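Remarks on the overall topology
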Amino acid sequence: MEWNNADIVVGSKLHPESKVNYPIQRKILSWGYRTLTHTLFGFNVKDTQVGFKIFRKKVAKEVFSRIIVKDSLLI
């Protein structure tokens, strides 16, 4: 956040500065999954499963206050 004065940061194991140590099988499966999700859904986000996000407090309050949750019954 500090490097780029960012309000929101989304983590990625594919970032050039990320340090990950995966076996080759895992790398191949991850590549296949990314290719599949891009092909099927057109996602331009390369790392859809990371789940790591950081928000500045002010931005988080503004963003999360706009979230609408619709209750629906699944039958």
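What counts, and at which threshold
- Here the residue numbers are simple positions, counted from 1 along each chain's written sequence.
- Reporting of local features is limited, given that this is a predicted model, to residues whose pLDDT is at least 70; pairs of side-chain atoms are given and counted only at 80 or more, and all residues count toward the totals for whole chains, interfaces and linings.
- Hydrogens are left out, water is left out, and the side-chain values use all remaining heavy atoms of the structure.
- Helix and strand definitions follow DSSP, with helices as H or I runs of at least four residues and strands as E runs of at least two, each counted in order from the N terminus.
- Three exposure classes are used, based on accessible area relative to the maximum for each residue type with a 1.4 Å probe and protein chains only: buried under 20%, partly exposed in between, and exposed over 50%.
- Only heavy atoms enter the contact rule, under which two residues are in contact if any of them lie within 4.5 Å.
- Here a helix's expected span is defined as the number of its residues, less one, multiplied by 1.5 Å.
- Per-residue confidence from the prediction method is given by pLDDT, with values spanning 0 to 100.
- Each patch is built from residues lacking any salt bridge and having more than 30% relative accessible area; the joining distance is 9 Å for like charges and 5 Å for nonpolar side chains (Val, Leu, Ile, Met, Phe, Trp, Tyr).
- Every accessible area reported is derived by Shrake-Rupley at a probe size of 1.4 Å, with residue values counting cover from the shown protein chains alone.
- Each salt bridge in this description consists of a side-chain nitrogen of Lys or Arg and a carboxyl oxygen of Asp or Glu lying within 4 Å of one another.

**So, the environment of Val-59**
With respect to the helices, strands and loops of the structure, Val-59 is situated in helix H2 (residues 57–64). Given the relative accessible area of 17%, Val-59 is considered buried. Note: C-alpha distance between Val-59 and Leu-40 (19 residues apart in sequence) is 32 Å. If sequence neighbours within four positions are ignored, Val-59 has contacts with Asp-7 and Ile-8.

**With respect to the environment of Val-9**
Considering the arrangement of structural elements, one finds Val-9 in strand E1 (residues 8–10). Measuring from C-alpha to C-alpha, the distance between Val-9 and Arg-56 comes to 9.1 Å, with 47 residues separating the pair along the chain. Not counting chain neighbours up to four residues away, the residues in contact with Val-9 comprise Met-1, Phe-52, Lys-53 and Ile-54.

**Digging into helix H1 (residues 24–41)**
Relative to the 26 Å expected for 18 residues at 1.5 Å per residue, H1 spans 26 Å between its end C-alpha atoms, a close match to the ideal helical length. Residue Gly-42 follows H1 closely and has a positive phi angle near 70°.

**A short note on the confidence of the model for the protein chain**
Model confidence for the protein chain is summarised by a mean pLDDT of 84, while 96% of its residues fall at 70 or above. No element of the protein chain has a lower mean pLDDT than E1, at 86, and none a higher one than H2, at 93.

**A look at a nonpolar patch on the surface**
A cluster of nonpolar side chains, Ile-8, Val-10, Val-50, Phe-52, Ile-54, Val-63, Phe-64, Ile-67 and Val-69, forms an exposed patch at the surface whose accessible area comes to about 790 Å². Of all elements in the fold, only E1 and H2 reach the threshold of two or more residues within the nonpolar patch. Mapped onto the elements, Phe-64 comes out in helix H2.

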